[in-house]
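Overview (structure and organization)
If you want the building blocks of each chain, they are given just below.
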Amino acid sequence: MAFNKEQFIADLEAMSVLELRELVSALEEHFGVTAAAPVAVAAAEGPAVEEKTEFDVVLTAAGANKIAVIKEVRGITGLGLKEAKEVVDNGGTIKEGASKEEAEAIKAKLTEAGATVEVK
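Each chain carries its own residue numbering, running from 1 in the direction its sequence is written. Since the coordinates come from a predicted model, pLDDT governs what is reported: local features require at least 70, and pairs of side-chain atoms require 80 or more to be given and counted, while whole-chain, interface and lining totals use all residues. The side-chain values count all of the structure's non-hydrogen atoms but skip hydrogen atoms and water molecules.

**Section: the confidence of the model for the protein**
Each residue carries a pLDDT value, the predictor's own confidence for that position, ranging from 0 to 100. This prediction gives the protein a mean pLDDT of 84; 88% of its residues lie at or above 70. Secondary structure elements are defined from DSSP: runs of H or I of at least 4 residues count as helices, runs of E of at least 2 residues count as strands, and each element is numbered from the N terminus. At the level of individual helices and strands, the protein shows its lowest average pLDDT in helix α3 (residues 41-45), which scores 53, and its highest in helix α1 (residues 5-14), which scores 90.

This is the structure:
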């Protein structure tokens, strides 16, 4: 006997919702499967967040003791007096791509000298 797809669809259309539910349950049990939509667990959790390994140290304000901040900026960056003074006066990036420990050490030195610093 050949399978008649049209007849099968017509039989399904004639069934009530309760009968369809019983049919689905019987098929799930017989074949050991579930008709529930698969859930993508990895997509639900979102993308994995990578830990940042490089930080930028940015001077936002020199504070009251500008001379001490200029000395620290010169020591950290190796800039000349004029260039270090410009960075302190205008604010800007002191160090790019520093490790977390190095960025925190630079921030501590500049904060101790009286500057306001951000690590990004």
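**Brief notes about the sheet that holds strand β1 (residues 55-61)**
Only when DSSP finds a minimum of two bridges between them are two strands counted as paired. Within the open sheet, the 3 strands sit side by side as β2-β1-β3. Their pairing is antiparallel. Unpaired on one side and paired on the other, β2 (92-98) and β3 (116-119) mark the two borders of the sheet. When strand polarity is set aside, the average angle formed by the axes of neighbouring strands in this sheet is 20°. Examined bridge by bridge, β1 and β2 share 4 bridges and lie antiparallel to one another. Opposite L59, over in β2, you have G92 as the bridge partner. Between the N-to-C directions of two axes lies an angle of 0 to 180 degrees, each axis being a line fitted to C-alpha atoms and, for a helix, fitted only over the stretch in contact.

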